[in-house]
Amino acid sequence: ETGVTQTPRHLVMGMTNKKSLKCEQHLGHNAMYWYKQSAKKPLELMFVYSLEERVENNSVPSRFSPECPNSSHLFLHLHTLQPEDSALYLCASSQGTGGVNEQFFGPGTRLTVL
Amino acid sequence: GQQLNQSPQSMFIQEGEDVSMNCTSSSIFNTWLWYKQDPGEGPVLLIALYKAGELTSNGRLTAQFGITRKDSFLNISASIPSDVGIYFCAGRFLMTTDSWGKLQFGAGTQVVVTP
């Protein structure tokens, strides 16, 4: 595997379900990000981890819970979601969080909440 | 907070035509990035700009960092069908090279190329 991978690619869940999204980066980067992408809206930053420590929590509801066990893996745990949470969830990584640090994105998980 | 306006929202062009899109910010940036997103995929970085006035090319793509540091444009020359997709600009301002800087994204420009 190369780059940034995400699983699953598609997920349908009910409002009472608990599920997790997984992201893995194979680029040797130190920072990882979760974004939410809704139709015709700019990407919304949700969480940022740098060296496995959370450096940004962008006012995200507690029904989204991130976990970064090491610099290569990032999870987003989901529980009691709402239909308006349906979106494409993108993971990204970068060498660091400052300076010249382009973010590289995974293919995303298309989430539908029924 | 910072606002990033990207235009146009969508473009329908014929194969072979040139395409131009731009982004403007309410405040200055010291980094501009341009991404392309194909259907069902994540954004892919096309061009990165780090200095005001910088002009950078990547094949048929050319992007410029505006002199005012509040805008950037992306041009695609001689468009081909595989240029279809959504193009996003993103900008960031960092106080120092080791500070944390959040990327601000534009809403995207949908490009449709017809034969």
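Keep in mind that what you see is a predicted model, and the values were worked out from it rather than measured.

S.K.: What's the story with the overall build of chain B in this structure? I'm lost.
M.R.: On a plain count of helices and strands, chain B comes out with zero helices and 11 strands. Secondary structure elements in chain B, listed N-terminal to C-terminal, are β-β-β-β-β-β-β-β-β-β-β. Over its C-alpha atoms chain B spans a radius of gyration of 14 Å, differing by no more than 12% from the 13 Å that the globule rule assigns to 115 residues. Across its three principal directions, the C-alpha atoms of chain B cover 45 × 30 × 20 Å. Looking at chain B as a whole, 43% of its 115 residues qualify as buried. By sequence separation, contacts in chain B at least 24 residues apart represent 55% of the contacts at least 6 residues apart. Of the roughly 5,400 Å² of accessible surface on chain B, 54% is carried by carbon and sulfur atoms. Considering chain B, the positive charge centre built from 7 side chains and the negative charge centre built from 9 side chains are found 12 Å apart.

S.K.: So what exactly am I meant to see when it comes to the overall build of chain A here?
M.R.: Secondary structure summary: chain A contains zero helices and 11 strands in total. Listing every helix and strand of chain A by position from the N terminus yields β-β-β-β-β-β-β-β-β-β-β. What you see for chain A is a C-alpha radius of gyration of 13 Å, in line with the 13 Å of a compact globule of 114 residues. Projected onto its principal axes, the C-alpha coordinates of chain A cover approximately 40 × 30 × 30 Å. Burial status across chain A gives 51% buried among its 114 residues. Considering only residue pairs separated by 6 or more positions, chain A has 54% of its internal contacts joining residues 24 or more positions apart. On chain A, roughly 5,200 Å² of surface is accessible, and the fraction owed to carbon and sulfur atoms is 49%.

S.K.: Where do I start with the interface of chain A and chain B in this structure?
M.R.: Frequently, the measure chosen for interface size is the accessible area removed from exposure when the parts meet. Taken residue by residue, the interface counts 24 residues in chain A and 23 residues in chain B. For the pair chain A and chain B, the summed buried surface comes to about 1,800 Å²; carbon and sulfur atoms form 56% of the total. For the pair chain A and chain B, the number of links is four residue pairs in polar contact (both at pLDDT 80 or more). Of all elements in the fold, only strand E4 (31-37), strand E5 (44-50) and strand E9 (87-94) of chain A reach the threshold of two or more residues within the side of chain A that touches chain B. Here the element with the most residues in the side of chain A that touches chain B is E4 of chain A; it accounts for three residues.

S.K.: It is not clear to me how the pattern of salt bridges should be interpreted in this structure. Could you clarify?
M.R.: Side-chain pairs of opposite charge can arise where the charged atoms are in close proximity. Residue and element names in this part refer to chain A. Per the stated rule, a full pass over the model turns up five salt bridges over all chains. Between Arg63 and Asp85 there is a salt bridge whose closest N-O contact spans 2.7 Å. Of the two residues, Arg63 sits in the loop between strand E6 (53-57) and strand E7 (64-70) while Asp85 sits in the loop between strand E8 (73-79) and E9, which places them 22 residues apart along the sequence.

S.K.: Could you clarify how one ought to interpret the pairing of strand E3 (residues 18-25) of chain A in this entry?
M.R.: Looking down a regular strand, the side chains alternate between one sheet face and the other. Residues and elements named next belong to chain A. Sheet topology note: the strand E1 (residues 4-7)/E3 ladder contains four bridges and is antiparallel. Within the sheet, the bridge partner assigned to Thr7 lies in E3 and is Lys22. The sheet contact formed by E3 and E8 spans seven bridges and is antiparallel. From the neighbouring strand, Ser20 faces E8, where its bridge partner is His77.

Rules and cut-offs
- Residues numbered from 1 in each chain as written.
- Chains lettered and ligands numbered in written order.
- Predicted model: local features only at pLDDT ≥ 70, side-chain atom pairs only at ≥ 80, totals over all residues.
- Heavy atoms only, no water.
- Helix = DSSP H or I, 4+ residues; strand = E, 2+ residues; numbered from the N terminus.
- Rg over C-alpha atoms; globule rule 2.2 N^0.38 Å.
- Buried < 20%, exposed > 50% of the residue type's maximum accessible area, 1.4 Å probe, protein only.
- Contact = heavy atoms within 4.5 Å.
- Areas by Shrake-Rupley, 256 points an atom, 1.4 Å probe, with all protein chains shown as cover.
- Lys, Arg positive; Asp, Glu negative; His and termini not counted.
- Charge placed at Lys NZ, Arg CZ, Asp CG, Glu CD.
- Buried area = accessible area lost by both parts, 1.4 Å probe.
- Polar contact = N/O pair within 3.5 Å; in protein donor to acceptor, adjacent residues only side chain to side chain.
- Salt bridge = Lys/Arg side-chain N within 4 Å of Asp/Glu carboxyl O.
- Pairing = 2+ DSSP bridges.

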